[in-house]
Amino acid sequence: MSAAQDADAAKEDDAPALRKLFVAGIAIGALVALTLPTTTQERRRLTPDPQLNGCFEGAGWNSATRVDRLAALQEVNPDIPASIQTGPTRAWVLGRGSWESYSSDEVIPSACEEIDVVVAHSGADRCLLLSGAASSAVPHHVTRWERHPSSPTGWSVVSRIRESRQRMPGEGTRKRARTLAARLYSRLDDVFASLEPLLKKAAVHTHPAYKATMGSNTKGAVLIMCVNWGNLDLLMNFLRSACDKQIDIQNLIVFAADPKVEKALKAIGVLVFSHDALGSFTAGAARSYGDHTFVEMMWLKLTCVYLVNALGYDLLFQDADLYWWREPWSFFATRPDIDTFWMDDGARTSRFAPLYPNTGYYLIRHNPRTALLCETLVGMYDVVLAWQSHQAVVSQVLGEFHALHALTVKILDKIEF
C-alpha cells in the first residue's frame, strides 16, 4: 500500500472519534448556553462579591458587596446634601441571607429591609472594628479608642470631638446656668401668659402655603429673632430689605435683650417681647466670637425658641445679620414631613459633626420630638458657656436626637439658602 493510501486509511479510522468529539462539543456548548444568564442585568449579579467569598463568614454576615458610597448615602437620606458627605468613591454593604435577586443596578440590595449606616474616618493609622451581635440591643454609637500606654488594657476611650474648646463646665459655670434656669422656670407660667397674646397676633399672618401643610396641633408659624442694642442696626437692615422686596414679615416677634431695643421697635410697629425672668443682657455688641456678650446672648437664643415651641407654634429663627431674597415659607411647606430645617454652616470640623447645622437660621416644627429637643438644649446652657458656642452644643444634640428619637433633619442647600 502506498503512503497516500496509508494516510487515507488513517483518516477513515479517526472519523468516528472526531464525530464523537464534535457531537460532545455541541452538547457542552448547548448546556453552557442554557445555564448562562440571558440578560446583561443577570450577568452582573453580585451574590456576593466573588472577591470576598468567605471573608465575612463567622463575623455575622454572609453577603457583601461594594457600592457607590455617595449614591448609597443619598438613597438612604437625601436630606443631607452631597457636599457634606465627602469621602471615598466606594462603600461596603454587608448582609445576611440570600442576595440572589440583587443586581448592580440597585444601589442597596432589595433584601435590606433595614440598614445601619456607619460613617467613619479612614485615616492611615485609623482602623474600624466592625462587629456583629446576636442581640438587637446593640450600641448605637461609633466609639473612638486610642492606644494609651498608661491604660491597663492598652486602649483608652476618647471624645469624638478633637477641638480643645470642648471642655467640661466647672462648678461656677454650672451655678450660673442653674441660676438662670431657676429664674425662668420659677416664673414660667407668667412668661407663657405674657407671650401667648403676641404669638396669637403674629400667627394670624402665617403664610397661606405653609398653613395648608402644617400639623393639626400647630397653632401657627412665626418668625423670631433676638437682639440687643448693639445689633439693632442689623435688624433694621433686615426690616428695610423685606419692605423693599415686599415680603410680608408681619409674623415676626423680636425678643428684646434691653429696654432701648424694645422701645425702638415698638415705635415702628414691630411685635416685641421681653420679660425679666429671661435675665439681663449686655446692651453692646459682642466684640468677638465666644466672648462674654456673645455667650450671654446664647441664653436668649435658647429660651426664645423653647418658649415659642412649648406654646405650640412652628418657628423660624434667624440671626439679625441676614436678609431674604424671597419668602421661605413656601419652600418649607413642600416638606411637612421634616421636623427641622437648618442652614449649612460650611465648617466641616468635628465640633459641628455629623450634620453641620448653622444655628443662625433654622425652622422647627412643633411636635413631641422638637419639644424635647428645645427643652434639652435649655438645660445645657452650662455646656454652651463652657464651649463658648451655642452651635457646637446644638450640633451634638441634634445628631443624637436624629439617631435616638428619629428627629427628621434637612440641611438646606447652600445655593438656595
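So, how was this worked out
- Throughout, residues of each chain are indexed from 1 in the direction in which the sequence is written.
- Per-residue local features are limited, in this predicted model, to residues with pLDDT of at least 70; the limit for side-chain atom pairs, both in listing and counting, is 80 or more; totals at the level of whole chains, interfaces and linings are taken over all residues.
- Heavy atoms throughout the structure, all of them, feed into the side-chain values; hydrogens and water do not.
- Only strands that DSSP links by at least two bridges are regarded as paired with each other.
- In DSSP terms, a helix is any run of H or I states spanning at least four residues, a strand is any run of E spanning at least two, and both are numbered starting from the N terminus.
- To get an axis, a line is fitted to the C-alpha atoms, and for a helix only the part in contact is used. The angle between two axes follows their N-to-C directions and goes from 0 to 180 degrees.
- Contact between two residues is taken to exist if any of their heavy atoms lie within 4.5 Å; hydrogens are not considered.
- Relative accessibility decides the category of a residue: with a 1.4 Å probe and only protein chains considered, values under 20% of the type maximum give buried, values over 50% give exposed, and everything between is partly exposed.
- To count toward a patch, a residue needs a relative accessible area above 30% and no salt bridge. Like charges then connect within 9 Å, nonpolar side chains (Val, Leu, Ile, Met, Phe, Trp, Tyr) within 5 Å.
- Note on areas: Shrake-Rupley with a 1.4 Å probe; residue coverage comes only from the protein chains shown.
- Whenever a carboxyl oxygen of Asp or Glu lies within 4 Å of a side-chain nitrogen of Lys or Arg, that contact is scored as a salt bridge.

**Student:** Quick question: what am I supposed to make of the sheet that holds strand β11 (residues 409–411) here?
**Tutor:** Strand pairs in the sheet, formed through backbone hydrogen bonds, run parallel or antiparallel to each other. The seven strands lie next to each other as β7-β6-β5-β8-β10-β9-β11, forming an open sheet whose pairing is mixed. Two strands lie at the open edges of the sheet, namely β7 (271–273) and β11, each paired on one side alone. Going from strand to strand, the sheet's axes swing by 30° on average, the running direction of each strand aside. With respect to the sheet, helix α7 (residues 232–244) is in contact with β5 (221–227), β6 (252–256) and β8 (314–318), its orientation differing from that of β5 by roughly 150°.

**Student:** Please explain the environment of A64 as it appears in this structure.
**Tutor:** Here A64 shows up in strand β1 (residues 63–68). For A64, a relative accessible area of 2% translates into the label buried.

**Student:** In this structure, what is going on with a nonpolar patch on the surface? I would like to understand it.
**Tutor:** On the surface, V76, I115, V117 and V119 cluster together into a nonpolar patch covering about 340 Å² of accessible area. Position of I115 among the secondary structure elements: in the loop between β2 (90–95) and β3 (144–147). Take I115: its relative accessible area is 37%, and that puts it in the partly exposed class.

**Student:** Would you mind going over the pattern of salt bridges with me for this structure?
**Tutor:** Pairing between side chains of opposite charge can happen when the charged atoms of each approach one another. One pass over the structure, following the stated rule, counts 14 salt bridges. Among the salt bridges present, the one from K410 reaches D79, with a minimum N-O distance of 3.4 Å. Taken together, the positions of K410 in strand β11 and D79 in the loop between α3 (69–76) and β2 put the pair 331 residues apart, joining distant regions of the chain. For R178, the salt bridge identified is with E171, shortest N-O distance 2.9 Å. Note on R178: relative accessible area 46%, which makes it partly exposed. Classification of E171 as partly exposed rests on a relative accessible area of 45%.

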